[in-house]
Amino acid sequence: MELIFLFPLFISLAVVSGWSDNKVRTFKKDFLFGAASSAYQVEGAWDADGKGESIWDRYFHSNPELVADNSDVDTAADSYHNYERDVEMLRELGVDYYRFSIAWTRILPTGRSHNINEKGVQYYNNLIDELLKYNIQPMVTLYHFDLPQKLQDLGGWTNPLIVGWFEDYARVVFEKFADRVKYWVTVNQPSSCVMAYGEGVIAPGVVFNGVGEYLCIKNMLLAHAAAYRLYEKEYKKKYKGSVGIALELNWSDPINNKTANVEATDRYKQFTLDLYLHPIWSKQGDFPSLVKEVIAKKSREQGFKRSRLPVLSSEEKQMLKGSADFIGINHYTTNLVKPSKAQYIVPSFNDDVGVELSYRKDWMQAKSPWLRSAPYGLYKLCLYINKHYDYPKVFITEHGWSTSQALWDNSRVENLRGYLKALLFAIEDGTEVIGYTAWSLMDNVEWNAGVSERFGLYEVDFDSKEKTRTARLSALVYKRIIEKRIVESDWTPTNLDINISNKEGRVEL
Ligand code: NOJ
């Protein structure tokens, strides 16, 4: 990489990653700290007590070789049987809330709302009540990648009827749990549509490049909006909760300041950030114009009779506009961008975007190949959102780091501290952040990577029958940050003993 071209990047890094002033920045008393997981990744018990089959069950059972490390994804961390220990870990950390997801198939085994599985409901009642006993707020995600297989048999997220199916499911969940749950995330990362229904490299493995992903994105956004409107109309007044959506929002910068690279980065941002933000948070609504133009033009050139990007009707635009109380930001990394020379499949999402990604070699590398540490990216992302969408409320719904199994996870600590410092800068510059959620509470099934990439503050011994959980260094450091409300650069405990935090009862809604 030619250094001369990186000059503008250095300036921005110096501004936010030098952290060169000596000012001590603190998280205010009402700033919330949490930890996250998702149903498929931790629960196990894939067919216990009447649970139905999800697309991930089907995907891995039909293609076991797709689990990179051949791990036991059916059992995972067995949180279905270990939820009390999970809550104990949250108490040790001293967090304010726990973000977990509900497995649609545990509540509605066939996905449809006529047949409720009461044992599944009982599991989530137990978990919620256990959390509330210790004043830890549940933040519930309705959908985190694990669609009922029965609905996939009818086209899954590419079938527009899913908007209604999702609304019906949301109603069942609200009826059962909204009296106790005040934070809701409708869907997690609609950007997963690209891999799920375009490239077909994650469940349900549908390869329909350039078409399937856009149908999925449209329907998932509308399903989100339907659930939001349902809560707004029938539950909000009574229960006073907030409903948002969790978006995968990473940062990108041009590899250097050449016009072509700047333009490519702008295009990349529109396809990965604004595609999801614009319909909900912009004044105009709808998908971003640049995305509409690029796909329409390419579709024409490719001989399609209409754009591969489906249209949002005025009624749909209306339904989407303003349909969130907060943006859930899942932020992990930053990429450097230039226009692509590589030949992507035509048509495809990648061909539509037309960029090639890289990174700075001195950005620390995680265990996951795609993940590097560049804290300034979170700061710049927050400023971008503020500028384009007028200072919306945000929750960091996920941020994390993968390592090997080791307990002394210094790289996770460094990453956590760097990003929390960046977040303090973003808050100082006006970003309205309600809370920060560490991904993840414990090691879990990292989808196709199995358990080979560990994201947990707690290590899980997947070889033990009990799936023993042990605090890592990062768990102790996170606990200390929550207690002190500042990010110290040098605090290290002498051992990894962790006790229940004595700050119980801090958060009252
Ligand atoms: C975001 C996803 O929501 C989560 O399921 C995944 O484990 C993390 N990214 C890390 O890749």
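Structural notes, computed from the coordinates. From a predicted model like this one, the values you see are computed outputs, not experimental measurements.

**Topic: the site of the ligand**
So, step 1. The environment of the ligand is made up of Gln41, His144, Asn188, Gln189, Asn330, Tyr332, Trp370, Glu398, Trp439, Glu446, Trp447 and Phe455.
So, step 2. A distance of 2.8 Å separates an oxygen atom of the ligand from a polar atom in the side chain of Asn188.
So, step 3. Separating an oxygen atom of the ligand from a side-chain N or O atom of Trp439 is a distance of 3.3 Å.
So, step 4. Relative to its free-state accessible area of 300 Å², the ligand is covered by the protein chains to the extent of 93%.

**Some remarks on the state of the cysteines**
Disulfides are covalent bonds that link the sulfur atoms of two cysteine residues.
So, step 1. Enumeration over the complete set of coordinates arrives at 1 disulfide.
So, step 2. The disulfide that involves Cys193 links it to Cys216, with 2.1 Å between the sulfurs. The disulfide joining Cys193 to Cys216 has a torsion of about -60° about its S-S bond and is therefore left-handed. Of this pair, Cys193 sits in helix α9 (residues 193-198) while Cys216 sits in helix α10 (residues 212-234); the two residues are 23 residues apart in sequence, bridging distant segments of the chain. Pair check on accessibility: Cys193 and Cys216 agree, each one buried.

**Here we look at the packing of helix α17 (residues 410-428) against helix α18 (residues 473-484)**
So, step 1. Relative orientation of the contacting elements α17 and α18 amounts to 25°, with a least axis distance of 8 Å. Taken together, the axis directions place α17 and α18 in an arrangement best described as roughly parallel. Seen along the crossing, α17 lies across α18 with a hand that is right-handed. The residues of α18 that touch α17, namely those facing Asn410, Arg412, Val413, Leu416, Arg417 and Leu420, are Leu473, Ser474, Val477, Tyr478 and Ile481.
So, step 2. For the contact of α17 with α18, a count of residues per class yields 7 nonpolar, 2 polar and 2 charged.

**Describing the packing of aromatic side chains**
The geometry of two aromatic rings is summed up by the distance between their centres and the angle between their planes.
So, step 1. Applying the stated criterion across every chain, the model contains 38 aromatic pairs.
So, step 2. Ring plane angle 35° and centroid distance 5.5 Å describe the contact between Tyr98 and Phe100, whose orientation is recorded as tilted. For the pair Tyr98 and Phe100, a shared accessibility class is recorded, and that class is buried.
So, step 3. The rings of Tyr80, Tyr83, Tyr98, Phe100, Tyr123, Tyr124 and Phe177 are connected pair by pair, giving a single aromatic cluster.
So, step 4. Across from the ring centre of Tyr134, 3.6 Å away, lies the NZ or CZ of Arg91, which sits over that ring.
So, step 5. The lysine or arginine in question, Lys269, covers the ring of Trp251, its NZ or CZ lying 4.2 Å from the ring centre.

**Details of the layout of surface pockets**
So, step 1. Computed from the structure, the largest pocket encloses a volume of approximately 1400 Å³.
So, step 2. Residue lining of the largest pocket: 44 residues in total, with Gln189, Met195, Glu248, Asn250 and Trp370 positioned closest to the centre.
So, step 3. Within the lining of the largest pocket, the residues separate by chemical class into 22 nonpolar, 15 polar and 7 charged.

**Let's talk about the environment of Phe287**
So, step 1. Locating Phe287 in the fold gives a position in the loop between α12 (259-281) and α13 (289-301).
So, step 2. Counting along the chain gives 11 residues from Phe287 to Tyr276, while the straight-line C-alpha distance between them is 7.6 Å.
So, step 3. Every residue in contact with Phe287, bar those within four places of it in the chain, is listed here: Lys218, Leu221, Leu275, His278, Pro279, Lys292, Leu309, Pro310 and Leu312.

**Overview of the sheet that holds strand β4 (residues 183-188)**
Backbone hydrogen bonds hold the strands of a sheet together, and the pairing may be parallel or antiparallel.
So, step 1. The 8 strands lie next to each other as β1-β2-β3-β4-β5-β7-β10-β11, forming a closed barrel whose pairing is parallel. When the angles between neighbouring strand axes are averaged without regard to direction, this sheet yields 25°.
So, step 2. As judged from the 5 bridges shared by strand β1 (residues 32-36) and strand β11 (residues 432-439), these two strands associate in the parallel manner. Considered in β11, the bridge of Ala36 is made with Trp439.
So, step 3. Where α10 meets the sheet, its contacts fall on β3 (137-143), β4 and β5 (242-248), and the angle it forms with β4 comes to roughly 160°.

Thresholds applied
- Residues numbered from 1 in each chain as written.
- Predicted model: local features only at pLDDT ≥ 70, side-chain atom pairs only at ≥ 80, totals over all residues.
- Heavy atoms only, no water.
- Near = heavy atom within 4 Å.
- Polar contact = N/O pair within 3.5 Å; in protein donor to acceptor, adjacent residues only side chain to side chain.
- Areas by Shrake-Rupley, 256 points an atom, 1.4 Å probe, with all protein chains shown as cover.
- Disulfide = S-S within 2.5 Å.
- Helix = DSSP H or I, 4+ residues; strand = E, 2+ residues; numbered from the N terminus.
- Buried < 20%, exposed > 50% of the residue type's maximum accessible area, 1.4 Å probe, protein only.
- Axes fitted to C-alpha atoms, helices over the stretch in contact; angles between N-to-C directions.
- Parallel < 35°, antiparallel > 145°, perpendicular 65-115°, else oblique.
- Left-handed = near helix turned anticlockwise from the far one by under 90°.
- Contact = heavy atoms within 4.5 Å.
- Nonpolar A, V, L, I, M, F, W, Y, C, P; charged D, E, K, R; others polar.
- Phe/Tyr/Trp six-rings, centres within 6.5 Å; stacked < 30°, edge-to-face > 60°.
- Lys NZ or Arg CZ within 6 Å of the ring centre and 35° of its normal.
- 1 Å grid on protein atoms, 1.4 Å probe; cavity = no way out; pocket = protein on both sides within 12 Å on 5 of 7 lines; lining within 4 Å.
- Points joined across faces, edges and corners; volume = space filled by probe spheres on them.
- Pairing = 2+ DSSP bridges.

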